[in-house]
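What the coordinates show
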Amino acid sequence: MSIRLFYPDPGSGLALPAVGHISAGFPSPADDYLEAVLDLNDLLIKNPSATFYGTVKGNSMQDAGVEDGDLLVIDKAVPYRPNALAICYLDGEFTLKRLRKEGEHLYLMPANPRYQPIRVREGSDFAVWGIVTYIIKKVY
Amino acid sequence: MFALVDCNNFYVSCERVFRPDLNGRPVVVLSNNDGCIISRSEEAKQLGIKMGEPAFKIAAFLDRHQVAVFSSNYVLYGDLSHRVMRTLGQFTPELEVYSIDEAFLNLAGLSVDWVEYAWSIRQTVRRHIGIPVSIGVAPTKVLAKVANYLAKKDPAQAGVCVLDQPGKITAALKEFDVGEVWGIGRQYTKLLHASGVYTAWDFLQLDDAWVRKNMTVVGLRIKKELAGIACLEMELLPPPKKAICTSRSFGEDQTELAPITEAVATYAARCAEKLRRQRSCAGMMMVFLHTNRFKQHEPQYARNLVCKLPVPTNSTIELIRYATAALRMIYRKGYRYKKAGVIVMAIEPEERIQGALFDRMDRAKHAAVMRSLDAINAKYGRDTIKVASQGLGGKWRLRQERLSPCYTTRWSDIIKVAAHAGACAHNEMIKIKKPQ
């Protein structure tokens, strides 16, 4: 049986996760519960290579919970599904909308009664660039 | 089987990821200091714009044809390259990153339909990152290069070419210019042409002894690979660099010591960062400085100084100290300087460093400071914290007049998503009935 000694470094202020106290031979049962710190990236980003960020300008989507200045987590890898918030590229600009198809026509739907839906004209430069997976707001 | 995945017109494609409006339009990217054309979209190639052409010479032409021109944004290209490589890594356990925009995938052990597999790789990279790629699949790396070339050049292949049957390989090699074969340089091409060898197929008919005698064992390996015998090992990780160089031309010629010192300190800091990233230290450093050789009427001066570092290091603080001291020794007043640079050499792994007997530096502390510096700069952007001698940047900086935002690496540069009335103003605003 041997005991390894560790010298503390009082000069450093780095907080480390608690490890069970040094016991002579028996491992502390608490060591089994030692976990890494929580990292929001793990939660908010499913596809790191396909994830990009964007900032919102304007309030046309406020009823969908998106307001001016919010930070968007955008995933290009996930498929569009009805009612998803889509980052669309239309005529030289990124725009945040929901999509609706009616007959032959595609509409970009705002979520604010003060704004009107937009019909995508045939031949416009339109693409769904990515899908919003999280909205991050500063509230304080 | 091997796949070679190559990003099409990579730098231009990177710019287009965040500017979809540039699809279908001629786009070019310029080299450092906005010098020459280093990446062209297909439309730009069709306009007859040549690789390496100095931008200033064709400025009027670019304007007339409404070519979108960008300064090179290596921060953006580096990040997107990393994303592409990580995505490719999902398709094979063995990925060899061959350059910023090319990688070999070892597909050994997979039993799939190659064409379908290549298509799914292509679609995935396209969708997840927005970068178009061409893919060549074949039994050896040299043949995969051939297939990749065909995938790119032959519109009928639509970006994917699989050479898996002997018949297909033979047919392709009979049409393939020997000079385009990977590893056969211009010199050997001349020699081969002189010997009546024009296609890759002709080359394959040569006698082994002749190839070995005239083109060394490397030529023989290329021949074997063309014959379908894999003999180039996968290099899984690029070997650690033997020397790291950071040098730039100044945005405008510099005469004073102060701005050049800032530049050299910054280059030294870059070298230190690169060293730390590959967990190694440098034992030697060279600093160089020179005037513009092409301005023959101006007095010319060029000098470099190599210094041996007392203990191999990767500390920004230490490298800057030696680099700026070396610069002071080689700097002479009265010249117009064009370029300076820092090269670190004698690179060895961090853990193999031996201390010097009279070393008075607290290396553990230095290492800790550097770790914090890297962590902060990784989080808040390059040069958030830097050593004072790097200065606040100024005159010596690169000319990058048409730099695109760093969409993926700087919070202030992320895309802006419109949610206002002005958005989509060109499109019809139509009232539609609310569904009941």
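Reading the values: the criteria
- Residues numbered from 1 in each chain as written.
- Chains lettered and ligands numbered in written order.
- Predicted model: local features only at pLDDT ≥ 70, side-chain atom pairs only at ≥ 80, totals over all residues.
- Heavy atoms only, no water.
- Axes fitted to C-alpha atoms, helices over the stretch in contact; angles between N-to-C directions.
- Helix = DSSP H or I, 4+ residues; strand = E, 2+ residues; numbered from the N terminus.
- Left-handed = near helix turned anticlockwise from the far one by under 90°.
- Contact = heavy atoms within 4.5 Å.
- Nonpolar A, V, L, I, M, F, W, Y, C, P; charged D, E, K, R; others polar.
- Buried < 20%, exposed > 50% of the residue type's maximum accessible area, 1.4 Å probe, protein only.
- pLDDT = per-residue confidence, 0-100.
- Pairing = 2+ DSSP bridges.
- Polar contact = N/O pair within 3.5 Å; in protein donor to acceptor, adjacent residues only side chain to side chain.
- Salt bridge = Lys/Arg side-chain N within 4 Å of Asp/Glu carboxyl O.

This part covers the packing of helix H4 (residues 74-88) of chain B against helix H5 (residues 114-128) of chain B. All names here are of chain B. Packing of H4 against H5 brings their axes to within 10 Å, and their N-to-C directions diverge by 145°. The two elements H4 and H5 cross, and the hand of that crossing is right-handed. Where H4 approaches H5, its residues Val-84, Thr-87 and Leu-88 are matched on the opposing element by Ile-121, Thr-124, Val-125 and His-128. Partitioned by chemical class, the residues of the contact of H4 with H5 number four nonpolar, three polar and no charged.

Our focus in this paragraph is the side chain of His-128 of chain B. On the secondary structure map, His-128 of chain B appears in helix H5. Since its relative accessible area comes to 13%, His-128 of chain B is described here as buried. The contact partners of His-128 of chain B, leaving out residues within four places of it in the chain, are Ser-49, Ala-50, Phe-52, Lys-76 and Ala-77 of chain A together with Thr-87 of chain B.

Turning next to the confidence of the model for chain A. The predicted structure's coordinates, where accompanied by low pLDDT, should not be read in detail. All names here are of chain A. Averaged over every residue, the pLDDT of chain A is 79; the share at 70 or more is 74%. Of all secondary-structure elements in chain A, the lowest mean pLDDT belongs to helix H1 (residues 40-44), at 87, while strand S2 (residues 71-75) reaches the highest, 95. Ignoring residues within four places in sequence, the model shows residues 1-28, a span with pLDDT below 50, making ten contacts including any to other chains.

All names here are of chain B. The antiparallel open sheet is built from four strands, whose spatial order is S9-S12-S10-S11. The sheet is open, and its two borders are formed by strand S9 (244-254) and strand S11 (302-313), each paired with just one other strand. The mean inter-strand angle of the sheet, taken between neighbouring strand axes irrespective of direction, is 15°. Pairing of strand S10 (residues 280-291) with strand S12 (residues 337-349), which is carried by eleven bridges, proceeds in the antiparallel orientation. Opposite Ser-280, over in S12, you have Pro-349 as the bridge partner. Contacting S9, S10, S11 and S12, helix H11 (residues 257-277) runs over the sheet at an angle of about 155° to S9. Sheet strands touched by helix H12 (residues 316-330): S10, S11 and S12. Its angle to S11, the strand with the most contacts, is close to 150°.

Let's shift gears to the sheet that holds strand S2 (residues 27-30) of chain B. Residue and element names in this part refer to chain B. One open sheet holds the three strands; their spatial order is S3-S2-S4, and the pairing between them is mixed. Both edges of this open sheet fall to strand S3 (37-40) and strand S4 (68-71), since each of them pairs with a single strand only. Between one strand axis and the next, the sheet turns by 25° as a mean value, whatever way the strands run. Against the sheet, helix H1 (residues 10-17) touches S2, S3 and S4, its axis set at about 115° to S2.

Moving on, we come to the side chain of Glu-102 of chain B. The topology assignment puts Glu-102 of chain B in strand S6 (residues 102-106). At 2.7 Å, the side chain of Glu-102 of chain B and the side chain of Lys-145 of chain B are in polar contact.

Turning our attention to the pairing of strand S3 (residues 86-90) of chain A. Residues and elements named next belong to chain A. With five of its five residues buried, S3 lies for the most part within the structure. Both faces of S3 are covered, namely the face carrying Ala-86, Cys-88 and Leu-90 and the face carrying Ile-87 and Tyr-89. Between S3 and strand S4 (residues 93-102), which pair antiparallel one after the other, the connecting turn spans two residues, and Asp-91 there sits at a positive phi close to 45°. Both S3 and strand S7 (residues 126-136) contribute to a ladder of five bridges, which runs antiparallel. Bridge pairing in S7 places Ile-87 opposite Gly-130.

Here we take up the pattern of salt bridges. Residue and element names in this part refer to chain B. The final tally for this structure, using the stated rule, is 18 salt bridges over all chains. Across the pair Lys-152 and Asp-6 runs a salt bridge, and its minimum N-O distance is 2.3 Å. Taken together, the residues span a long stretch of sequence, with Lys-152 in helix H6 (residues 141-153) and Asp-6 in strand S1 (residues 2-7) at a distance of 146 residues. What makes Asp-6 buried here is its relative accessible area of 9%. A salt bridge links Lys-223 to Asp-208; its shortest N-O distance comes to 2.4 Å. Judged by relative accessible area, which is 39%, Asp-208 ranks as partly exposed.

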